[in-house]
Amino acid sequence: MDKYKPYNQTSARAETSRQKRPLSREDFALASLGLACCISAPEAVRYSALWHISEDGSLAGITSKAGFLIVCFLAARWAATRGRKPLHRNTTLLWSFALLQSAGFALMIANSLGWEMPPWSTYARSALLESSIFLFAAFASFYLRIDVKTAITSFIVGVVVAGTVQICAAFLPFPAAAGLTLLLAPCSVLLLRCADRRVEAAEAWYSSLPDRERAVFDLPAEAPGVTVDGIEPEAPTKSPVKSLYGTIALLSLIVAAVHLSWRGIQDGGMTSIMVQACAGIGAVLAGNILIVVRRYLEDREVVEFTRLIILPIAIGTLYVASLLNGTLLVLAVIPLNIVYVAVMLLAWLAPFFYACGREPVVVSCDAFLSKRMGVIVGIGLIRDLAVGTLAWLSGALIIVALVGLITLSFAQFLSAKRRAERSAPPTVQVSLDAEQTRNLACAAVADRYRLTPRERDVLELLVRGRTAAYIAEELVISSTTAKTHIKHIYQKTGVQSKQTLLDIVEVELQRLMDRCAGGGENL
């Protein structure tokens, strides 16, 4: 049997629509809830109302965590590049990560209950709790077969649900909250496998259809670009993925450092509950912000801009944290968790925008490794080593991290500017008649709302004022099929009447006419 060829962006464009058809509502709900559990699993370590950050630790503890994390990273990377199946279908590896994570929580629960544990259990617990981070790469592997829009929407749902779970867990009794942490990682894998099995069943059903019937479910092929007068679009430039890894690691270090600032105010009572609840509120608020800007996140340039704006937010959070004292310090948790979610978003989107010839799942593994390494270095060095005569090390590390972020941001800005100058499209004089312009407007609407090729044909006829009967005769289909296509167009565009649909096309048509009137065209 031939080895499974890993998914990559180049081959994705040439694949059939089998991998590019959208998820059903049920599959999306299962995968999104699974991603929410995946987000919650590593976050549960920071549930301050449930347990405190351990005061135990040393260079040996940091080494054990980093070493185990690298072992998990190598296993996930090997499965992504040399495995016979996609990472999200490698059930053995996924369940291993999930059960190891649960074992780490079991040791935390035993320690919280005051059970006598051997000395090595401290290092084992810290290491095992790093297991589930690469489940993110498995979810990325799953969504790379769908599309980035669905991946972003699912991430937003996952963040909001994870934040809600964090808030609710703060008020649960210890047995219920502890049991919840044990189930998070296994539930994540279970829901992902359920969603994937349903997708496999749908793919098998699709493959069984005759060729003439598959067109009803096909989505438009992703074209590399539209040419005007023989001018080809410019090839994509090399992505600064190493710069992204550095940004993620340094931001994670800063978040970890600020997180330690309220360690001293936790009292195991109401203050600890407030810290955890504020962290959950920050996650829910971040999810709502992402809902507002969701459609813009499909553009890589917007993602690059996000990298730039995270820095001042992180610095502002540090400043606010330095001004607050006592229980007021918990207010800094909300903006800090917004930064944390933004860092997680960068790592989540890395395989979609920064692969450029690399295996996307490997890029996802690298991104989340950078994120966790930043946290380990931040918490390990600042909490365990920056004490006594080395207390100055804490401030020095944060300053170095900020200088590094400023340097990376400045380099990113210059790189983006040069890239924009190189990729600026030439102005080409064109002359489009009304029919061509109308068809281009329909094509733009079809691409935006992911209409199938046949639905696009129906849309063009609807715009011309044709009836369902005429459309059926023109396209050589039954009247029932024509009405079904029209119904699907209404559902996908979110309209209730033909006039509203025509208004959407009219807006796109006006935009194209304005561009033509401006003396140039870049379609």
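As the structure is a computational prediction, the values presented were derived from the model and not from experiment.

1. A look at the overall build of the protein chain
Next up, step 1: When its secondary structure is counted, the protein chain shows 20 helices and zero strands.
Next up, step 2: Put simply, the protein chain has 523 residues, and 49% of those count as buried.
Next up, step 3: Within the protein chain, contacts between residues at least 6 apart in sequence are counted, and of these 83% link residues at least 24 apart.

2. Focus: the packing of aromatic side chains
Next up, step 1: Under the counting rule described, the total for this entry stands at seven aromatic pairs.
Next up, step 2: Where Phe97 meets Phe134, the ring centres are 6.4 Å apart and the plane angle is 45°; that geometry is what we call tilted. Placement of Phe97 in helix 4 (residues 91–112) and of Phe134 in the loop between helix 5 (120–128) and helix 6 (135–143) is noted, with a sequence separation of 37 residues between them. Assigned by exposure class, Phe97 and Phe134 land together as buried.
Next up, step 3: Each ring, one from Phe136 and one from Phe368, has its centre 4.5 Å from the other, and the planes form 15°; the classification is stacked. Here Phe136, found in helix 6, pairs with Phe368, found in helix 14 (residues 360–385); they are 232 residues apart in sequence, far enough to count as distant. Like Phe368, Phe136 is buried.
Next up, step 4: One aromatic cluster is present, built from ring pairs that chain together Phe142, Tyr143, Phe155, Trp348 and Phe352.
Next up, step 5: In this structure, Arg46 packs its charged tip against the face of Tyr340, placed 4.9 Å from the ring centre.
Next up, step 6: In this arrangement the basic side chain of Arg466 is found over the ring face of Tyr470, its NZ or CZ atom lying 4.7 Å from the centre.

3. With respect to the pattern of salt bridges
Next up, step 1: Taken as a whole, this structure holds 13 salt bridges when the rule is applied.
Next up, step 2: Residue Arg89 pairs with Glu200 through a salt bridge whose shortest N-O separation is 3.9 Å. One end of the pair, Arg89, is in the loop between helix 3 (59–82) and helix 4; the other, Glu200, is in helix 8 (residues 174–207), with 111 residues separating them in the sequence.
Next up, step 3: Taking the relative accessible area as the measure of exposure, Glu200 reaches 31% and is therefore partly exposed.
Next up, step 4: Via salt bridges that share partners, Arg89, Arg193, Asp196 and Glu200 belong to a single interconnected network.

4. Focus: the packing of helix 10 (residues 241–259) against helix 13 (residues 333–353)
Next up, step 1: Contact pair helix 10 / helix 13: the axes reach a minimum separation of 10 Å and the direction vectors enclose 155°. Judged by the angle between their axes, helix 10 and helix 13 are roughly antiparallel. Crossing geometry of helix 10 relative to helix 13 is assigned as left-handed. Residues Leu244, Ile248, Leu251, Ser252, Val255, Val258 and His259 of helix 10 form the contact with helix 13, whose participating residues are Leu336, Val339, Tyr340, Val343, Leu346, Ala347 and Ala350.
Next up, step 2: Class assignment of the residues belonging to the contact of helix 10 with helix 13 gives a composition of twelve nonpolar, two polar and no charged.

5. Some details on the nonpolar core
Next up, step 1: Phe134, Tyr143, Phe155, Trp348 and Leu349 are the most contacted members of the largest nonpolar core, which totals 106 residues.
Next up, step 2: For this core, the leading source of residues is helix 13, giving 16 residues.
Next up, step 3: Ignoring anything within four residues of it in the chain, the contact list for Tyr143 reads Leu23, Ala31, Ser32, Thr150, Ala151, Ser154, Trp348 and Phe352.
Next up, step 4: Listed in part, the 23 residues of the second largest apolar core include Val458, Ile471, Ile486 and Leu501.

6. Side note on unusual backbone geometry
Next up, step 1: Even without glycine at this site, Arg450 takes up a positive phi of about 55°.
Next up, step 2: Among the secondary structure elements, Arg450 is positioned in the loop between helix 16 (434–448) and helix 17 (453–463).
Next up, step 3: The partly exposed category is assigned to Arg450, whose relative accessible area is 25%.
Next up, step 4: With a phi close to 60°, Val476 is a non-glycine residue in the positive phi region.
Next up, step 5: Positionally, Val476 belongs in the loop between helix 18 (468–475) and helix 19 (479–493).

7. Brief notes about a nonpolar patch on the surface
Next up, step 1: Taken together, the side chains of Trp95, Leu99 and Leu190 present a nonpolar region at the surface, about 280 Å² in accessible area.
Next up, step 2: Position of Leu190 relative to the elements: it lies in helix 8.

8. A word on the side chain of Asn337
Next up, step 1: Looking at the element boundaries, Asn337 is found in helix 13.
Next up, step 2: Of the residues examined, Asn337 reaches a relative accessible area of 3% and is grouped as buried.
Next up, step 3: Sequence-distant contacts of Asn337, defined by excluding residues within four places in its chain, comprise Arg46, Gln166, Ala279, Gly280, Gly282 and Ala283.

9. Focus: the environment of Leu30
Next up, step 1: Here Leu30 shows up in helix 2 (residues 25–43).
Next up, step 2: Separated by 163 residues in sequence, Leu30 and Arg193 have C-alpha atoms that sit 9.2 Å apart.
Next up, step 3: Apart from residues no more than four positions distant in its own chain, Leu30 is found in contact with Leu191, Cys194, Ala195 and Arg198.

10. Structural notes on the environment of Pro335
Next up, step 1: As for its position among the elements, Pro335 is in helix 13.
Next up, step 2: Exposure remark for Pro335: the relative accessible area of 27% places this residue in the partly exposed category.

11. Some thoughts on helix 19
Since the α-helix advances by 3.6 residues per turn, residues separated by three or four positions end up pointing in the same direction.
Next up, step 1: In this model, helix 19 (15 residues) spans 21 Å end to end at C-alpha, consistent with the 21 Å of a helix rising 1.5 Å per residue.
Next up, step 2: Within the sequence span of helix 19, burial applies to Ala482, His485, Ile486, Ile489, Tyr490 and Thr493. Down the axis, helix 19 shows its buried residues gathered within 140° of arc, on one side only. Every exposed residue of helix 19 that faces more than 90 degrees away from the buried side is listed here: Thr480, Lys483, Lys487 and Gln491.

12. A short note on the confidence of the model for the protein chain
Next up, step 1: The predicted model of the protein chain averages 78 in pLDDT, with 77% of residues at 70 or higher.
Next up, step 2: Confidence drops under pLDDT 50 across residues 220–238; counting only partners more than four residues distant or on other chains, this segment forms 26 contacts.
Next up, step 3: Within the model, pLDDT remains below 50 along residues 519–523, and this stretch shows 18 contacts once partners closer than five positions in the same chain are excluded.

13. Structural notes on the packing of helix 6 against helix 13
Next up, step 1: Where helix 6 contacts helix 13, the two axes come as close as 10 Å, and the packing angle between them is 45°. As judged from the angle between their axes, helix 6 and helix 13 are oblique. The crossing of helix 6 and helix 13 is right-handed. Contacts between helix 6 and helix 13 involve Phe136, Phe139, Ala140 and Tyr143 from the first element and Met344, Trp348, Pro351 and Phe352 from the second.
Next up, step 2: Within the contact of helix 6 with helix 13, the residues separate by chemical class into eight nonpolar, no polar and no charged.

Cut-offs used in this document
Residues numbered from 1 in each chain as written. Predicted model: local features only at pLDDT ≥ 70, side-chain atom pairs only at ≥ 80, totals over all residues. Heavy atoms only, no water. Helix = DSSP H or I, 4+ residues; strand = E, 2+ residues; numbered from the N terminus. Buried < 20%, exposed > 50% of the residue type's maximum accessible area, 1.4 Å probe, protein only. Contact = heavy atoms within 4.5 Å. Phe/Tyr/Trp six-rings, centres within 6.5 Å; stacked < 30°, edge-to-face > 60°. Lys NZ or Arg CZ within 6 Å of the ring centre and 35° of its normal. Salt bridge = Lys/Arg side-chain N within 4 Å of Asp/Glu carboxyl O. Axes fitted to C-alpha atoms, helices over the stretch in contact; angles between N-to-C directions. Parallel < 35°, antiparallel > 145°, perpendicular 65-115°, else oblique. Left-handed = near helix turned anticlockwise from the far one by under 90°. Nonpolar A, V, L, I, M, F, W, Y, C, P; charged D, E, K, R; others polar. Core = buried A, V, L, I, M, F, W, Y, C linked by side-chain atoms within 4.5 Å. Patch = residues over 30% accessible without salt bridge, like charges linked within 9 Å, V, L, I, M, F, W, Y side chains within 5 Å. Areas by Shrake-Rupley, 256 points an atom, 1.4 Å probe, with all protein chains shown as cover. Expected span 1.5 Å × (residues − 1). Arc of directions from axis to C-beta. pLDDT = per-residue confidence, 0-100.

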